[in-house]
Amino acid sequence: MKKRKTPLRKCVASQEMLPKKELIRVVRTPEGQIEIDLTGKKSGRGAYLRADAECFRLAQKNKALDRALKQPVPAEIYEQLARDFIRVEHQFRELQERETDDE
């Protein structure tokens, strides 16, 4: 049986190409809201970040999300995303562990 190709995406902060499952997607919705998308299916312009807080801080420092989402990201949105990112990071890692256990 043929092994399926693993979709790769680039982390906007570290510029590394990683499997899509190892990255968290931040999306700018058509309404202009910026939020974290764990499903990877929300409509809008997306940017991928490696699932660790250090990578998120690097993206904030370099304004990588601003460039990737083609919209300035206000400081209060970064603060909200930072809180959400820490919370979501744990959920994301748990999902990854479950998927590897299923395989």
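Residues numbered from 1 in each chain as written. Predicted model: local features only at pLDDT ≥ 70, side-chain atom pairs only at ≥ 80, totals over all residues. Heavy atoms only, no water.

If you tally the helices and strands in the protein, you get three helices and five strands. In the protein, the order of α-helices and β-strands from amino to carboxyl end is β-β-β-β-β-α-α-α. By principal-axis analysis of the C-alpha atoms, the protein measures approximately 45 × 25 × 25 Å. The long-range fraction of contacts in the protein, counting pairs at least 24 apart against all pairs at least 6 apart in sequence, stands at 51%. Summed over its atoms, the accessible surface of the protein is roughly 7,200 Å², and 49% of this surface lies on carbon and sulfur atoms. If you average the places of the 23 positive and of the 18 negative side-chain charges in the protein, the two averages end up 8 Å apart. (Helix = DSSP H or I, 4+ residues; strand = E, 2+ residues; numbered from the N terminus. Contact = heavy atoms within 4.5 Å. Areas by Shrake-Rupley, 256 points an atom, 1.4 Å probe, with all protein chains shown as cover. Lys, Arg positive; Asp, Glu negative; His and termini not counted. Charge placed at Lys NZ, Arg CZ, Asp CG, Glu CD.)

Moving on, we get to the packing of aromatic side chains. Within the structure shown, the criterion is met by one aromatic pair. Ring centres of phenylalanine 56 and tyrosine 78 lie 6.3 Å apart, and the angle between their planes is 65°; this geometry places the pair in the edge-to-face category. Taken together, the residues span a long stretch of sequence, with phenylalanine 56 in helix 1 (residues 53-62) and tyrosine 78 in helix 3 (residues 75-102) at a distance of 22 residues. Each of the two residues, phenylalanine 56 as well as tyrosine 78, counts as buried. (Phe/Tyr/Trp six-rings, centres within 6.5 Å; stacked < 30°, edge-to-face > 60°. Buried < 20%, exposed > 50% of the residue type's maximum accessible area, 1.4 Å probe, protein only.)

Looking at the secondary structure, you find glutamate 79 in helix 3. Along the primary structure glutamate 79 and proline 19 are separated by 60 residues, whereas in three dimensions their C-alpha atoms are 27 Å apart.

Looking now at the pattern of salt bridges. As enumerated under the stated definition, the model contains four salt bridges in all. Measuring nitrogen to oxygen at the nearest pair gives 2.3 Å for the salt bridge that ties glutamate 16 to arginine 50. Residue glutamate 16 is found in the loop between strand 1 (8-10) and strand 2 (17-19), and its partner arginine 50 is found in strand 5 (residues 45-50); the two are separated by 34 residues along the sequence. Take glutamate 16: its relative accessible area is 33%, and that puts it in the partly exposed class. (Salt bridge = Lys/Arg side-chain N within 4 Å of Asp/Glu carboxyl O.)

Moving on: the UniProt feature "domain: YlxR" (unreviewed entry) in the protein. UniProt records the feature "domain: YlxR" (unreviewed entry) at residues 9-82, using the numbering of this structure. Taken end to end, residues 9-82 is 32% helix and 28% strand, and its first and last C-alpha atoms sit 21 Å apart. (UniProt positions renumbered as here; feature names shortened; annotations may be inferred.)

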